[in-house]
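A look at the structure
So the chains spell out like this:
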Amino acid sequence: MADSKMMVSFGEMLIDFVPTASGVSLAEAPGFLKAPGGAPANVSIAVARLGGRAAFIGKLGDDEFGRMLAAILRQNGVTDAGVVFDSGARTALAFVTLRADGEREFMFYRNPSADMLLTEQELNLDIIKKASVFHYGSISLIAEPCRTAHLRAMEAAKEAGAILSYDPNLRLPLWPSAEVAREQILSIWDQADIIKVSDVELEFLTGESSVEDEVAMKLWRDNLKLLLVTIGEKGCKYYTKDFKGTVDSFKVVQVDTTGAGDAFVGAMLSKLVQDLSALQDENKLREVLSFANAGGAITTTKKGAIPSLPTEGEVLNLMQGA
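Residues numbered from 1 in each chain as written. Predicted model: local features only at pLDDT ≥ 70, side-chain atom pairs only at ≥ 80, totals over all residues. Heavy atoms only, no water.

**Remarks on the overall build of the protein**
Here is the rule: Only DSSP runs of H or I covering at least 4 residues are called helices, and only runs of E covering at least 2 are called strands; the numbering of each starts at the N terminus. Taken over C-alpha atoms, the radius of gyration is set against a globule rule of 2.2 Å times the number of residues to the power 0.38. A 1.4 Å probe rolled over the protein chains alone gives each residue an accessible area, and that area as a share of the maximum for its type sets the label: buried under 20%, exposed over 50%, partly exposed in between. Contacts are assigned to residue pairs with any non-hydrogen atoms lying within 4.5 Å of each other. Computed with a 1.4 Å probe, the accessible areas rest on the Shrake-Rupley method; for each residue, only the protein chains presented here act as cover. This count recognises Lys and Arg as positive and Asp and Glu as negative, with His and chain-terminal groups excluded. For charged residues, the charge sits on one atom: NZ in Lys, CZ in Arg, CG in Asp, CD in Glu.
When you go through the protein residue by residue, the secondary structure sums to ten helices and 13 strands. A compact globule built from 322 residues should have a C-alpha radius of gyration of about 20 Å, and the protein, at 18 Å, falls within 12% of that. With the C-alpha coordinates aligned to their principal axes, the bounding extent of the protein is approximately 50 × 45 × 40 Å. By residue count, 56% of the 322 residues in the protein fall in the buried class. Restricting to contacts in the protein with at least 6 residues of sequence separation, those with at least 24 account for 70%. When the accessible area of the protein is evaluated, it comes to approximately 13400 Å², of which 50% is carbon and sulfur surface. Distance between charge centroids for the protein: 3 Å, based on 32 positive and 43 negative side chains.

See the structure below:
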């Protein structure tokens, strides 16, 4: 039976290496700082930092970086009993930079990394069955055996009564081709209850460079309780069976947008875990999404993903100040 207040996320946790100088290409970077990351792990830490109960399920290398990442989960109050270690593969690394032209550049080291090697047999089903919300991305669909483990974890969570939350978190360099990415990302679309996409992902999945309602509705499915499109500093759009609208974000001075989407999702799920009735109540949902927008906005004011994830006090201060 699902635990009434637990958010469980599934997928990759890795180390991002970010340049010590801003606005340079990876080749031009004079040096790099290591920053823990991986979208599903970021979301679990975001929930815990906002006072919620969260667990993370995934596989790390049995190496210095893997042990460090597991410790970061624990330090942030995230249950790590679903984390397993692989002595034959390394923890994934990613080099990430924001170039002067505003484009993000990624270079990944994972051939294969430990997260790709999680098997169905290694899943901690006890923790999955305690989830009231089960959250995941699409990177864990790229390769076997992790893909099969991912599908089984979704199935177990659904059977236990969890709400399924999906943020595709598109990383094209990791996929064999754009066509395969689109097809696989959409292959599990029909199982989710909540889906969040960015404006860039909306364009990628629909082939249309617009965030108008009729474009977003191409991604609507009858199984959905909530479809969200984040539109950067403009906030987010929401769609349910009964209502739709836009919630504005908050004006902040942006330093680094890394992790903003994960902070948004974590803040939203931390509220929905407490009260799922917001999915049917538009006023409640708008309050939840305003809270999520504030969480995302605060994350852009500092560098790195996990270090910049906000506390509940910080989010409420921003909302009250506005």
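**Notes on the pairing of strand β7 (residues 104-109)**
Applied cut-off: Between any two strands, pairing holds if DSSP finds at least two bridges.
Strand direction decides the pairing type here: strand β6 (residues 93-98) and β7, joined by six bridges, are antiparallel. Along β7, the bridge assignment pairs L93 with Y109.

**A closer look at the packing of aromatic side chains**
Formally: The aromatic pairing rule takes the rings of Phe, Tyr and Trp, using the six-membered ring of Trp, and pairs them if the centres are within 6.5 Å, calling planes under 30 degrees apart stacked, those over 60 edge-to-face and the rest tilted.
For the structure on display, the rule yields ten aromatic pairs. Judged by centre distance (6.1 Å) and plane angle (65°), the rings of F17 and F65 are edge-to-face. Placement of the pair is F17 in strand β2 (residues 14-19) and F65 in helix α2 (residues 64-75), with a sequence separation of 48 residues. The buried category is assigned to F17, whose relative accessible area is 14%.

**Re the nonpolar core**
Condition: Among buried residues, the Ala, Val, Leu, Ile, Met, Phe, Trp, Tyr and Cys ones that are joined through side-chain atoms within 4.5 Å form a nonpolar core.
By size, the foremost hydrophobic cluster in this structure holds 55 residues, and its most contacted members are M13, M268, L269 and L289. Beyond its immediate chain neighbours, meaning those up to four positions away, L289 contacts L228, C236, Y238, V247, F264 and M268. Membership of the second largest hydrophobic core comes to 44 residues, among which are V8, A162, L164 and I188.

**Notes on helix α1 (residues 39-49)**
Counting buried positions along α1 gives ten out of eleven residues, so the element sits mostly inside the fold. Turning to α1, its buried residues number three or more, namely A39, P40, A41, N42, V43, S44, I45, A46, V47 and A48. G51 sits one or two positions beyond α1 and adopts a positive phi of about 95°.

**Some thoughts on the sheet that holds strand β5 (residues 78-86)**
Spelled out, the test is: A fitted line through C-alpha atoms serves as each axis, taken over the contacting stretch for helices, and the angle formed by two N-to-C directions is quoted from 0 to 180°.
With respect to topology, nine strands assemble into an open sheet ordered β5-β4-β1-β8-β9-β10-β11-β12-β13, the strand pairing being mixed. On the outer flanks of this sheet lie β5 and β13 (244-247), each paired with one strand and no other. With strand direction ignored, the average angle separating the axes of adjacent strands in the sheet is 15°. Alignment of strand β10 (residues 194-198) against strand β11 (residues 226-230), held across five bridges, turns out to be parallel.

**Quick look at the UniProt feature "domain: Carbohydrate kinase PfkB" (unreviewed entry) in the protein**
Selection rule: UniProt positions are given in the numbering used here, feature names are shortened, and annotations may be inferred rather than shown by experiment.
Within the UniProt annotation, "domain: Carbohydrate kinase PfkB" (unreviewed entry) is assigned to residues 5-311. When the span residues 5-311 is considered, its composition is 31% helix and 24% strand, and the gap between its end C-alpha atoms is 18 Å.

**Let's talk about the layout of surface pockets**
Here the idea is plain: a probe the size of a water molecule rolls over the atoms and shows the empty space left. Formally: With a 1 Å grid laid over protein atoms only, a set of points is called a cavity when a 1.4 Å probe fits there but cannot get out and a pocket when it is open yet has protein on both sides within 12 Å along at least five of seven lines; lining residues have an atom within 4 Å of a point. Grid points are joined across faces, edges and corners, and a volume is the space filled by probe spheres set on the points.
In this model, the second largest pocket occupies a volume close to 400 Å³. Lining the second largest pocket are 21 residues, with V18, P19, D256, T258 and K303 sitting closest to its centre. Top element by residues in the lining of the second largest pocket is strand β3 (residues 32-37). It accounts for four residues.

**Digging into helix α6 (residues 199-206)**
Quick reminder: α-helices carry 3.6 residues per turn. Residues three or four places apart thus point the same way. All of the buried residues in α6 are E201, L202, F204, L205 and T206. Residues of α6 that are buried sit in contact with α5 (178-187), β10, α7 (213-216) and β11. Two residues or fewer past α6, G207 is found with a positive phi of approximately 75°.

**Points about empty space enclosed by the protein**
Under the definition given, this model contains one cavity of 30 Å³ or more. As a volume, the largest cavity reaches approximately 30 Å³. Around the largest cavity, the lining residues are R110, D115, M116, I139, S140, I142, A143 and C146.

**Quick notes on the sheet that holds β6**
Reading across the sheet, the four strands line up as β3-β2-β6-β7 and stay open at both edges, with mixed pairing between neighbours. At either margin of the open sheet sits one strand with a lone partner, and together these are β3 and β7. Direction aside, the axes of adjacent strands within the sheet are offset by 25° on average. By the bridge criterion, six bridges tie β2 to β3 in an arrangement that is antiparallel. Bridged to F17 within β3 is K34. Strands β2, β3 and β6 of the sheet are contacted by α2, whose axis makes an angle of about 100° with β2.

**A few points about the environment of Y109**
With respect to the helices, strands and loops of the structure, Y109 is situated in strand β7. Classification of Y109 by relative accessible area gives partly exposed; the value is 46%. Note: C-alpha distance between Y109 and K244 (135 residues apart in sequence) is 40 Å. Contact partners of Y109, with chain neighbours within four places excluded, come to A92, L93 and F95.

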